[in-house]
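# Architecture at a glance
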Amino acid sequence: MPNPSIKNEDVYQALRKDGASKEKAARIANAEANDHQHPGKKGGKAAPYEDWSRDELYERAREIGIGGRSEMNKEELIAALRNH
């Protein structure tokens, strides 16, 4: 039975098959279904975080719910995003 809190069940199931945790799969599936969020591109097609502005990094951290981001500098945001 599909979970009603999952907004894109196909993406969720594909991520679970690939070994993603339930939490990570749900977060990505819901971001895919939300027009205001921009999940990362696969296969290295997105520019490296070092090329992003601090404001872009901050916005991405906000989208995925990284706490303490307002106090972080660019390098700290990059580390937090990579370790999320």
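Refer to the structure printed above.
One structure accompanies this document, and this report is about it. (Residues numbered from 1 in each chain as written. Predicted model: local features only at pLDDT ≥ 70, side-chain atom pairs only at ≥ 80, totals over all residues. Heavy atoms only, no water.)

### Here's the deal with the pattern of salt bridges
- Under the defined criterion, the tally for this structure stands at four salt bridges.
- Of the charged contacts, one joins R27 and E23 as a salt bridge, the two residues approaching to 3.4 Å between their closest N and O atoms. Highlighted residues: R27 and E23, both in helix α2 (residues 22-32), separated by four residues, approximately one helical turn.
- On the basis of relative accessibility, which here comes to 25%, the residue R27 falls in the partly exposed class.
- The class for E23 is exposed, based on a relative accessible area of 59%.
- Here R60 and E63 are joined by a salt bridge, their closest N and O atoms 3.2 Å apart. With R60 and E63 both in helix α3 (residues 54-64) and three residues apart, this pair spans about one turn of that helix. Of the two residues, R60 and E63, both sit in the buried class. (Salt bridge = Lys/Arg side-chain N within 4 Å of Asp/Glu carboxyl O. Helix = DSSP H or I, 4+ residues; strand = E, 2+ residues; numbered from the N terminus. Buried < 20%, exposed > 50% of the residue type's maximum accessible area, 1.4 Å probe, protein only.)

That's the geometry; what it means functionally is another story.
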